[in-house]
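Chain and residue survey
Each chain, written out:
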Amino acid sequence: PPMPLSPFRGRERIGAGAGAPADGSTGFIGTDSWVGARVAPTGYGHAPAFRTAAPMHSESVKSLTPVCPRQDFPSSHLRHPCRSNIQLRSIRISETTLGNLRVSPSALRLAPTALASAMALLSLPAQAQSTARADTVLPSVKVTSGNDLASDQNPGFVAKRSTGASKTDTPLIETPRAITVVTREQIDVQGMTQLRDVVGYSAGVVSSSLASRIASFKFRGNDPVQYLDGLVRQSGFYNTTRPEMYTLERVDIVRGPASVLYGQGGVGGVIAMTSKTPQAEAQREIQVQLGNFDRKQVAVDFTGVMEPEGKWLYRFIGLARESGTQVDHVSNDRFLFAPSVMWRDADTSLNFQLLYQKDKSGSLIQFYPWQGTLLPSPYGQIPTNRFISEPGWDRYDTEQAALSWQLSHRFNDTWTARQNFRYSDASSDYFTMYTSFTADPTDTPPRPARPVFNADGRTVQRDIVAQVHGSKIQAVDNQAEANFATGAVRHKVLAGLGFQHILRTQRSVPGVA
């Protein structure tokens with residue numbers, strides 16, 4: 001039943017003593033420092049109280065912690081001291097016809113260890129005034145445990161569960177693999193703008209990426225394979241776009257061989273990226289960035305339900321960027337949009353995703369000679385913004401379009417089936433000039449196979465690169481998961497069948513300038 005509360009002003013301590021209402025009212029609300037509510041049956045002395053830091057005029061209270069007296073409660077409903085930890089997501093404060101205030105909790109969340117005492121506390125009979133309305137009832141209270149959510153929606157900075165190492169929703173503490181999970185919150189807090197930023201706090205992992213062209217890594221000295229939503233994302237080099245961090249929910253870094261789960265995964269490990277998916281809770285985000293080198297970027301992320309029943313959900317991610325870089329005549333422009341639509345019911349979910357991305361960039365690494373960089377030169381240091389290629393010629397432009405879906409169906413308490421599918425079509429134009437790596441023993445002095453100055457110490461010989469790449473990837477991953485028990489032992493069994501077809505093309509014209 002609702003708890004009628006009498007208005008009470010001041011900072012007096014909850015409970016019996018100085019400042020307590022003398023009229024025997026069943027509760028009060030402080031108006032200048034915190035909101036409180038207490039249940040004090042007549043003759044029982046001290047009573048539990050809820051205390052929070054929110055002012056009375058606030059409509060949202062994040063947490064309420066019971067403050068209990070030293071003695072036990074003499075009520076038959078609660079025979080032990082209160083040790084509950086109750087979190088109240090929101091409350092509704094309304095005024096009755098008699099001028100009293102009523103607090104109506106709309107959602108309670110209790111720790112599992114405090115469930116029994118909290119429910120007993122909520123069931124205490126309130127001493128409602130006889131003149132109050134008898135037909136007023138509180139809305140239903142939904143009590144949930146504090147267990148983690150699904151792996152792809154781990155809240156917070158540190159994840160506790162992952163599907164990257166086992167393709168099942170398993171706690172990290174029970175996963176016998178070396179795995180690092182970078183969550184969305186960590187990506188935002190640390191300002192990660194590219195995939196190679198992710199490995200900065202991962203042991204045994206380094207980024208060996210060459211400038212802005214590709215995202216490549218070394219796991220314990222070996223090459224890992226990049227996967228997106230359980231499917232291979234790229235094959236080869238210089239033939240697709242780089243991942244956009246704004247579209248990702250999390251990144252799992254799995255070190256060591258993973259071919260049992262990922263087919264042709266490398267012995268180094270796997271970078272398993274998870275895309276953002278539609279959410280039932282509405283979110284509207286508009287991001288504007290201004291930065292060095294005339295960086296201008298606008299990004300949007302909208303998600304929510306499409307109809308009242310909540311079975312259809314949507315998400316739209318868009319991004320447009322125009323930016324220079326530290327090297328003259330090398331841009332870092334991007335245009336991207338990624339809509340997705342999900343249908344779900346109690347046992348089935350089907351998520352369709354579309355991605356289109358177009359990048360316009362170039363080569364940041366100019367391959368300067370040692371003299372003027374690591375070694376001294378009579379002509380001084382080479383500026384870091386010096387451009388060796390030719391304006392109008394140098395470019396690394398990539399484009400990708402992809403269609404994918406993720407299907408999951410739970411047949412019963414034991415069996416669950418999943419299917420992930422993606423078809424992507426990507427291309428790139430790679431045109432550049434850089435200091436020559438071609439060895440020439442006939443030169444005077446002989447030219448080594450690394451960038452060096454010519455004999456004058458001021459000019460360089462350049463290699464010309466003109467390449468057009470293409471990549472088409474069709475991949476599907478089918479999984480069947482069984483959860484069952486034999487006696488006191490519980491089992492989780494995963495079986496799967498994957499297929500991928502990759503077609504890579506390349507046309508290249510070399511030269512010397």
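Notes on the structure follow. A quick note: this is a predicted structure, and the numbers were derived from the prediction, not measured.

From N to C terminus, the protein chain includes three helices and 25 strands. Taken over 513 residues, the protein chain has a buried fraction of 42%. A separation threshold of at least 6 residues defines the contact pool for the protein chain, and within that pool the share at least 24 residues apart is 60%. Of the roughly 27,300 Å² of accessible surface on the protein chain, 55% is carried by carbon and sulfur atoms.

For the rest of this paragraph, the subject is the sheet that holds strand 15 (residues 248-255). Read from one edge to the other, the open sheet built from five strands follows the order 10-15-16-13-14, with strand pairing classed as mixed. The open sheet has two edge strands, strand 10 (178-183) and strand 14 (231-232), and neither has a second partner. Judged from the two bridges that link them, strand 13 (residues 225-228) and strand 14 form a sheet pairing that is antiparallel. By the bridge assignment for strand 14, Y227 is matched with V232.

Another aspect to go through is the nonpolar core. Judged by nonpolar contacts, the single largest core of 17 residues is most densely connected at L195, V198, F217, M245, V251, I253 and M273. Of all the secondary structure elements, the ones that give two or more residues to this core are strand 12 (217-219), strand 15 and strand 16 (269-275). With three residues, the single largest contributor to this core is strand 15. Those residues in contact with M245, other than ones at most four positions away along the chain, are R184, I187, M192, T193, Q194, L195, V198 and V251. Grouped together as the second largest cluster of nonpolar side chains are 15 residues, I179, V181, V270 and A475 included.

As paired elements, strand 18 (residues 295-305) and strand 19 (residues 312-322) share ten bridges and run antiparallel to each other. Its bridge partner lying in strand 19, F302 is registered against F316. In this antiparallel pair of consecutive strands, strand 18 and strand 19, the connection spans six residues, and G310 shows a positive phi of 80°. In this sheet, strand 20 (residues 333-344) lies alongside strand 19 in antiparallel orientation, the contact comprising ten bridges. By the bridge assignment for strand 20, F316 is matched with P339.

For the rest of this paragraph, the subject is the environment of I173. Among the secondary structure elements, I173 is positioned in the loop between strand 9 (170-171) and strand 10. Exposure remark for I173: the relative accessible area of 80% places this residue in the exposed category. Taking the C-alpha atoms as reference points, I173 and S162, separated by eleven residues in sequence, lie 9.9 Å from one another.

Thresholds applied
Residues numbered from 1 in each chain as written. Predicted model: local features only at pLDDT ≥ 70, side-chain atom pairs only at ≥ 80, totals over all residues. Heavy atoms only, no water. Helix = DSSP H or I, 4+ residues; strand = E, 2+ residues; numbered from the N terminus. Buried < 20%, exposed > 50% of the residue type's maximum accessible area, 1.4 Å probe, protein only. Contact = heavy atoms within 4.5 Å. Areas by Shrake-Rupley, 256 points an atom, 1.4 Å probe, with all protein chains shown as cover. Pairing = 2+ DSSP bridges. Core = buried A, V, L, I, M, F, W, Y, C linked by side-chain atoms within 4.5 Å.

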